[in-house]
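Each chain, letter by letter, is given below.
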Amino acid sequence: MESPTTGRHEAGEADVQQKIDTSVPHSARIWNYWLGGKDNFAVDREAGDQYRQVFPGVVDVARASRQFLVRSIMFLAADAGIRQFLDVGTGLPTANNTHEVAQRIAPDARIVYVDSDPLVLVHARALLVGTAEGRTAYIDGDLHDPAAVIAEAGKTLDFAQPIGLILSGVMGHVPDYEAARSVTRQLVAALPSGSYLSLNDGTSLISAEMQQAQDDYNDTGATPYTLRSPDEIAGFFDGLELVEPGVVPCPQWRPDDAVDTPADIDAFGGVGRKR
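Residues numbered from 1 in each chain as written. Predicted model: local features only at pLDDT ≥ 70, side-chain atom pairs only at ≥ 80, totals over all residues. Heavy atoms only, no water.

Participant: For this particular structure, what's the right way to read the overall build of the protein chain?
Facilitator: Looking only at helices and strands, one finds 11 helices and eight strands in the protein chain. Each principal axis of the C-alpha atoms in the protein chain carries an extent, and together these give about 45 × 45 × 35 Å. Burial analysis of the protein chain (275 residues in total) assigns 53% to the buried set. A separation threshold of at least 6 residues defines the contact pool for the protein chain, and within that pool the share at least 24 residues apart is 72%. (Helix = DSSP H or I, 4+ residues; strand = E, 2+ residues; numbered from the N terminus. Buried < 20%, exposed > 50% of the residue type's maximum accessible area, 1.4 Å probe, protein only. Contact = heavy atoms within 4.5 Å.)

Written as structure tokens, this is what we have:
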């Protein structure tokens, strides 16, 4: 099926539905559940509730990560003048998606979403509702193959102009730290000078229950997720100029009135500029 917005072929919805495995929980669907979304299954809700029983603060972590994403995009669009965004591992649509935040500030902004989850593909049309002045596209792509992601994104984005790269809560899907850094380096290397990286991820620095809950989740048969230390998260920004206040708990990164979570939380993030 040809998408009139992206000009690319997409699998028929029936074919994609057949690829959705509802027998094991999926992190994107659990995240959607924690954020109050409806795009999840019983197995996801059960896993999400079990996680929350061990670590009740996980809902605050999810909200803090989402609020950081919104504030960082607002900074990039309003203060840094970025008009192109590459959101890799976007997950399921909720409120204040990347294109909604960016295009409220800059209606001509271009956004490319990348995800490999079949359920996200089913809901891609919800992401493809942008402004008439800008453009919003979706790529069925894999974080582990940055070269393919860049090649496909280049059909919508101009890689001669600055781009805001968004990696929100996704690098834990690459369990080996050096491999995860390699993925980030390859994505950043493709960006021109003046581009930015916005990245946040989970830690277990503040609450040991977070690590226990994550270990229990990883034992369910779902795709595992690796929590990292704040120093490891900061390592993703090597070679970039960190925007103040650096890599900090998400609620402490340029907070505004929308922040409604504890200030110290197991979600760290930052924004860095490529020289």
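Once you've had a look at it, read on.
Participant: I would appreciate a short explanation of the pattern of salt bridges in the present structure.
Facilitator: All chains considered together, the criterion is met by nine salt bridges. Ionic pairing is found between Arg52 and Asp49, a salt bridge with its closest N-O pair at 2.9 Å. On the criterion of helical spacing, the pair formed by Arg52 and Asp49 is a turn pair, its members being three residues apart in helix H3 (residues 42-54). We classify Arg52 as partly exposed; its relative accessible area is 30%. A salt bridge links Lys155 to Glu152; the shortest N-O distance between them is 3.1 Å. Since its relative accessible area comes to 57%, Lys155 is described here as exposed. Bridged by salt links that share partners, the residues Asp60, Arg63 and Asp260 form one connected network. (Salt bridge = Lys/Arg side-chain N within 4 Å of Asp/Glu carboxyl O.)

Participant: I'm lost on helix H8 (residues 146-153) in this one. Help?
Facilitator: Every buried residue of H8 is accounted for by Pro146, Val149, Ile150 and Ala153. Take H8 and look down its axis: the buried residues cluster within an arc of 95°, on one side only. Within H8, the exposed residues directed more than 90 degrees away from the buried face are Ala147 and Ala151. Looking at the buried residues of H8, the elements they touch are strand S1 (84-88), strand S2 (110-115), strand S3 (135-140) and helix H9 (177-189). (Arc of directions from axis to C-beta.)

Participant: Would you mind showing me how to read the nonpolar core here?
Facilitator: General note: in soluble globular proteins, nonpolar side chains tend to be found buried as a group. Judged by nonpolar contacts, the single largest core of 49 residues is most densely connected at Tyr51, Leu76, Phe85, Tyr138 and Val271. In this structure, Leu76 is in contact with Gly81, Ile82, Phe85, Gly164, Ile166, Tyr196 and Val271, ignoring residues within four places of it in sequence. If you look at the next biggest cluster of nonpolar residues, it comprises 32 residues, including Val114, Ala137, Ile163 and Val174. (Core = buried A, V, L, I, M, F, W, Y, C linked by side-chain atoms within 4.5 Å.)

Participant: I would appreciate a short explanation of the confidence of the model for the protein chain in the present structure.
Facilitator: Low-pLDDT stretches of the model should not have their predicted coordinates read in fine detail. Here the protein chain shows a mean pLDDT of 90. Residues at 70 or above account for 93%. Every residue in residues 1-11 is under pLDDT 50, and counting partners more than four places away or in other chains gives 25 contacts. (pLDDT = per-residue confidence, 0-100.)

Participant: Explanation requested: helix H10 (residues 208-218) in the structure shown.
Facilitator: Since the α-helix turns once every 3.6 residues, residues separated by three or four places project in the same direction. Met210, Ala213, Gln214 and Tyr217 are the residues of H10 that are buried. Buried residues along H10 cover an arc of 100° about the axis, so they all sit on one side. Structurally, H10 contributes buried residues whose contacts are with helix H2 (27-34), H3 and helix H4 (58-79).

Participant: How do you make sense of unusual backbone geometry when you look at a structure like this?
Facilitator: With glycine set apart, most residues show a phi of negative sign, and most peptide bonds adopt trans. With omega at 10°, the peptide bond leading from Glu244 into Pro245 counts as cis. Here Pro245 shows up in the loop between strand S6 (241-242) and strand S7 (248-249). Positive phi, close to 45°, is recorded for Arg254, a residue that is not glycine. Within the secondary structure layout, Arg254 lies in the loop between S7 and strand S8 (267-273). On the accessibility criterion, Arg254 (36% relative accessible area) is partly exposed.

Participant: Please clarify how the packing of aromatic side chains should be interpreted in this entry.
Facilitator: Two numbers describe a pair of aromatic rings. These are the distance of the centres and the angle of the planes. Following the criterion strictly, the structure yields six aromatic pairs and no others. Both rings, one in Tyr177 and one in Phe236, keep their centres 5.6 Å apart while their planes meet at 70°; by these two values the pair is edge-to-face. Of this pair, Tyr177 sits in helix H9 while Phe236 is found in the loop between helix H11 (230-235) and S6, placing the two residues 59 residues apart along the sequence. Judged by its relative accessible area of 5%, Phe236 is buried. Aromatic rings pair up to connect Phe68, Phe75, Tyr196 and Trp253 into one cluster. The ring centre of Trp253 lies 5.5 Å from the NZ or CZ of Arg254, which sits over that ring. (Phe/Tyr/Trp six-rings, centres within 6.5 Å; stacked < 30°, edge-to-face > 60°. Lys NZ or Arg CZ within 6 Å of the ring centre and 35° of its normal.)

Participant: Would you explain the pairing of strand S5 (residues 196-202) in this entry?
Facilitator: Regular strands place their side chains on alternate faces of the sheet. Within S5, seven of the seven residues are buried, leaving the element largely enclosed by the surrounding structure. Alternating positions in S5 separate into two faces, Tyr196, Ser198, Asn200 and Gly202 on one and Leu197, Leu199 and Asp201 on the other, with burial throughout. Where strand S4 (residues 164-168) and S5 come together, five bridges link them in parallel fashion. Following the sheet pairing, Gly164 is matched in S5 by Tyr196. Of the crossover connections in this fold, the one passing from S4 over H9 to the parallel S5 is right-handed. Alignment of S5 against S8, held across seven bridges, turns out to be antiparallel. (Pairing = 2+ DSSP bridges. Right-handed = clockwise from strand over helix to strand, strands pointing away.)

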